[in-house]
Amino acid sequence: MNTNTYFYQFLEPISKELALLAKELDNSIFSSPRTMLTHSRVFIENILQQVTKAEGMPEDPRTGLKERLDLLNDQGYLIPEIRDALHLVRRMGNQAAHDARMFRFSEALLSWEALYSIVKWYVEVYGPVDVTVPEYQDPSPQAEKTFDMSELEVRLKGLEDLLKNPPQQAETPAKAEVAAAVASPAVEVQETPGFTPIRTITYKGRSLEIPYFLRDAFLLPQRFDKSETFLIRLGAEQEARIMSELPGDLDGLHKNVKRYNEKNDEQFFEELGTFIEEEKVRRNLTLKRQGELFFFYKASHIVVTEELKKVPLTAEDFTGIPSLLRQLNEDQIYTVGQLPMELVILAKYANVGVGTVEKLFDQLKAKVTDKSVHADDDTSTERKSFKKWESLYVKVKMNGCQSIIEGSSVPAIWKEALKWIEDNRLPLYDLVKAGIILGSTDNGKRYGIALQPIHPDQRPFTQLHTYQSQLTGEVYYLETKINPKSGLETLGKVLTRLGVEVDIPLLKGK
């Protein structure tokens, strides 16, 4: 098949618009499963409208897809196989339009196969005699994203330098190996495009690695709570508008503007570290869920569903932020879908601070959760449970360095946290040996992490995950049959006992 042809081109004699819509659905399967599933509803709705017209049935433009489908089925125009295929496409499309979860390629492919059955039936029953439906053909995945040439050159140079100057082997196996493990950073090849360290920014002996994808990132002042005004002043002097304008050493940066001091340099360095970690989380999210739309607010995000886009920005839908709503409407921003991806930008409006933006974000998040539960007439019964939070994360700070530990589930974030704890050489083993009780206190009766998958009352772990210690080699057993709230509380307790400063925004106000 050459570049000028596509699988559903045979539909053009019947409807060129329908054929081109099918082409776009094909293109979106691997780039955005949500888009493919959502817009497949329009495709089958058009087909059913043509069937209604062909059978001479009265047409009512107000008739919904499910109502039209049921009507044609009741009249005997649909065979069971096609009826089921239509319902599958409709249900999956409704879920994609309402539900904030990540949709898989396999779901889009399942809908794609159902669409083929529907089209084949429609052409054979209602189409021209001379139109032949080809055999089913799987769509082709698009080429994966590759490294930008500039980043690839950095990677190659680093590897070439490593070949020329290989790490020295330890002469005394035991003591030297331990010293090297503590003192020497491990050589790591980043496999994800964009994450190759491109430069280092330092401040008084501390350092931050800047990944390639942030080399020219815009430093939006509103992303830096304590340094917002400092950044604005630096930007006015063309000293810190984008990452590449920052000096390699931030010590003395305050000298470029009046009435600032070393404390401002230190605060900015710390917030820059948080900014980099938040951007890494966002980058991983957008790479993992390509084709999805998001709203970001600091370290949190919301999946922008089709239904959320349509919500009007009115006082009836969003309470406690009248000034922001008025100014948005004055700028002809009337629906949620017109909001910027980076919500903190909205703090630019008069008398609108980050607190107001946070109120908007929380109400948007509540609407996503509500829509996920009440998605459609029958999808809500199919999905009997839902995650309270789209993702789990905690902010940690140790020795002045800030990081974000994130995971899509309790097992995922626990494993990431255990790895972070061991990377920082904290005494985790003693806590695990004693048995870490689930929850924020030690009053519970179940272990969260232990050396054996047995609770204090001798009951086995209900939902078992394992983590192999990088330091001791032992297997730690994780009881993950718990809700996300308890999982975050347990993690917060462990990190605090290890002397780590912990901030868990998801638990605030809960």
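For clarity, every value in this text was computed on a predicted model and none was experimentally measured. (Residues numbered from 1 in each chain as written. Predicted model: local features only at pLDDT ≥ 70, side-chain atom pairs only at ≥ 80, totals over all residues. Heavy atoms only, no water.)

### Overview of helix α1 (residues 16–28)
For an α-helix the count is 3.6 residues per turn, leaving residues at separations of three or four pointing the same way.
Then step 1. The end-to-end C-alpha distance of α1, which contains 13 residues, comes to 19 Å, matching closely the 18 Å that a straight helix rising 1.5 Å per residue would cover.
Then step 2. All of the buried residues in α1 are Leu18, Ala19, Ala22, Leu25, Asp26 and Ser28.
Then step 3. Of the surrounding secondary structure, the elements contacted by the buried residues of α1 are α2 (33–54) and α5 (105–126). (Helix = DSSP H or I, 4+ residues; strand = E, 2+ residues; numbered from the N terminus. Expected span 1.5 Å × (residues − 1). Buried < 20%, exposed > 50% of the residue type's maximum accessible area, 1.4 Å probe, protein only. Contact = heavy atoms within 4.5 Å.)

### Observations concerning the sheet that holds strand β11 (residues 501–503)
Then step 1. Strand order in this open sheet of 3 strands is β6-β5-β11, and the pairing throughout is antiparallel. Taken across any chain shown, the strands that pair with only one partner, and hence form the sheet edges, are β6 (401–407) and β11. Adjacent strand axes in the sheet meet at a mean angle of 25 degrees, parallel and antiparallel pairs treated alike.
Then step 2. With 3 bridges connecting them, strand β5 (residues 392–398) and β11 associate as antiparallel partners. Looking across to β11, one finds that Val396 is bridged to Val502.
Then step 3. Across the sheet, helix α9 (residues 262–288) is in contact with β5 and β6; its angle to β6 comes to roughly 20 degrees.
Then step 4. Lying over the sheet, helix α16 (residues 484–497) contacts β5 and β11, oriented at roughly 10 degrees with respect to β5. (Pairing = 2+ DSSP bridges. Axes fitted to C-alpha atoms, helices over the stretch in contact; angles between N-to-C directions.)

### Description of the environment of Gly435
Then step 1. Within the secondary structure layout, Gly435 lies in the loop between α15 (428–434) and β7 (436–437).
Then step 2. Linking Gly435 and Gly448, residues 13 residues apart in sequence, is a C-alpha distance of 7.6 Å.
Then step 3. Look past the residues within four positions of Gly435 in its chain and what remains in contact with it is Tyr447 and Ile449.

### Topic: the packing of aromatic side chains
Then step 1. With the rule as written, the count across this model stands at 19 aromatic pairs.
Then step 2. Members of the aromatic cluster, joined through ring pairs, are Phe7, Tyr8, Phe10, Phe43, Trp112, Tyr116 and Tyr136.
Then step 3. Here the basic side chain of Arg101 rests over the ring of Phe103, its NZ or CZ set 4.0 Å away from the ring centre. (Phe/Tyr/Trp six-rings, centres within 6.5 Å; stacked < 30°, edge-to-face > 60°. Lys NZ or Arg CZ within 6 Å of the ring centre and 35° of its normal.)

### A look at the sheet that holds strand β10 (residues 475–479)
The pairing of strands in a sheet comes from backbone hydrogen bonds and takes either a parallel or an antiparallel form.
Then step 1. The strand order across the open sheet built from 4 strands is β7-β8-β10-β9, with neighbouring strands paired in antiparallel fashion. Since the sheet does not close on itself, it has two edges, and those belong to β7 and β9 (464–468), each with one partner.
Then step 2. Pairing of strand β8 (residues 447–450) with β10 involves 2 bridges; the strand directions are antiparallel. Bridging from a neighbouring strand, Ile449 pairs with Leu478 of β10.
Then step 3. Running over the sheet, helix α14 (residues 410–423) touches β8, β9 and β10 and is turned about 20 degrees from β9.

### Re empty space enclosed by the protein
Then step 1. Counted according to the given criterion, the structure contains 1 cavity of 30 Å³ or more.
Then step 2. For the largest cavity, the full set of lining residues is Trp414, Ala417, Leu418, Ile421, Ile449, Thr490, Leu491 and Val494.
Then step 3. Elements that contribute at least two residues to the lining of the largest cavity include exactly α14 and α16.
Then step 4. Broken down by element, the residue count for the lining of the largest cavity peaks at 4 residues, all from α14.
Then step 5. Considered class by class, the residues forming the lining of the largest cavity number 7 nonpolar, 1 polar and no charged. (1 Å grid on protein atoms, 1.4 Å probe; cavity = no way out; pocket = protein on both sides within 12 Å on 5 of 7 lines; lining within 4 Å. Points joined across faces, edges and corners; volume = space filled by probe spheres on them. Nonpolar A, V, L, I, M, F, W, Y, C, P; charged D, E, K, R; others polar.)

All quantities given are derived from atomic positions and should not be read as evidence of function.
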